Amino acid sequence: MYGLLLVVIAIYLVRAWLVGRARNARTDADGGSVFVNKAAMEMGYWLLPPLVTALAALQITPNAVTLFSLVPAFLAAVAAGFGRFGLACTFGTASALCDLVDGVLARQTGVASDAGEVLDAAVDRYGELFLLGGVAVFYRTHWMMLVLTLAALLGSFLISQTTAMAETVGVSLPRGGSMRRAERAIYLLAAMGLTPVTRLLFASLPSHALRELPILFALLLVAIVTNIAAVRR
């Protein structure tokens, strides 16, 4: 998985050097943030067109993709609950990819709607609950990690709630914001993917924190930044 990711990044960097960055209207409007910059978002959207075109050709609906994302999300939760963070990273990445694809597919096929956005938002909350819930189950006997996980979950939900309420009552929020869903997913999934490496490297050491360092750092970052961002909103 790491090898494939490095290959994709290398191909995109060569492409960017030869013909320029893969700009699109969505990333230009979003602008990125401190935690996931615009160039990284452009690379992500650059990967989507072939997959979206194939799904459209098969007449697979955006709502079907949205609902299907719950399957790998649930499998990621089960894997995380057993401490298999590498496997959880793989399933979680598949779920996050579905979350990217459904919106692009809806716009490309001309079926984007408010109802679809509501469904997507609800499924996103379930996906986050599954992933962090699985982590909470695994760390249920480690109070510090459990508290961090619950704080990250609380902050994630508060950001979504404040955004939804602001849109409902017409309150203008700061543009962009910090630690939105995509950013949270990137940090948590990357940490899950790296944790098996640190467990192997520090297996002979007594320090639990060193073995779990990537996921500890990601949970701490998400817990702090999401709650600060929610209060600011």
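Owing to the predicted nature of the structure, the values given are computational and were not obtained by experimental measurement.

S.K.: Report on helix α5 (residues 70–81), specifying residues and quantitative values.
M.R.: Helix length check: α5 (twelve residues) gives 16 Å between terminal C-alpha atoms against 16 Å at 1.5 Å per residue, within 8%. Within α5, the full set of buried residues consists of Pro 72, Ala 73, Ala 76, Ala 77, Ala 79, Ala 80 and Gly 81. Where α5 is buried, its residues contact α4 (62–68), α6 (85–109), α7 (114–138) and α9 (181–201). Immediately downstream of α5, the backbone of Gly 83 shows phi near 80°, a positive value.

S.K.: Which residues make up the side chain of Arg 184, and what values go with them?
M.R.: Within the element layout of this structure, Arg 184 appears in helix α9. Among the polar contacts listed, one links the side chain of Arg 184 to the side chain of Glu 128, at a separation of 2.7 Å. Those residues in contact with Arg 184 that lie beyond four places of it in its chain are Arg 125, Glu 128, Ser 156, Ile 159, Ser 160, Met 179, Val 222 and Thr 226.

S.K.: Break down the nonpolar core for me, with residues and values.
M.R.: Residues Phe 85, Val 135, Met 192, Ile 215 and Leu 219 are the most contacted members of the largest nonpolar core, which totals 28 residues. Sorting the residues of this core by element identifies α5, α6, α7, α8 (143–169), α9 and α11 (213–232) as the ones contributing at least two each. Counting residues per element, this core draws most heavily on α11, at eight residues. With sequence-adjacent residues up to four places away left out, Phe 85 is seen in contact with Ala 80, Val 135, Phe 138, Tyr 139, Met 192, Gly 193, Thr 195, Pro 196, Arg 199, Glu 212 and Ile 215. Counting eight residues, the second largest nonpolar core, distinct from the first, contains Val 52, Val 65, Cys 98 and Val 101.

Rules of the game
- Residues numbered from 1 in each chain as written.
- Predicted model: local features only at pLDDT ≥ 70, side-chain atom pairs only at ≥ 80, totals over all residues.
- Heavy atoms only, no water.
- Helix = DSSP H or I, 4+ residues; strand = E, 2+ residues; numbered from the N terminus.
- Expected span 1.5 Å × (residues − 1).
- Buried < 20%, exposed > 50% of the residue type's maximum accessible area, 1.4 Å probe, protein only.
- Contact = heavy atoms within 4.5 Å.
- Polar contact = N/O pair within 3.5 Å; in protein donor to acceptor, adjacent residues only side chain to side chain.
- Core = buried A, V, L, I, M, F, W, Y, C linked by side-chain atoms within 4.5 Å.

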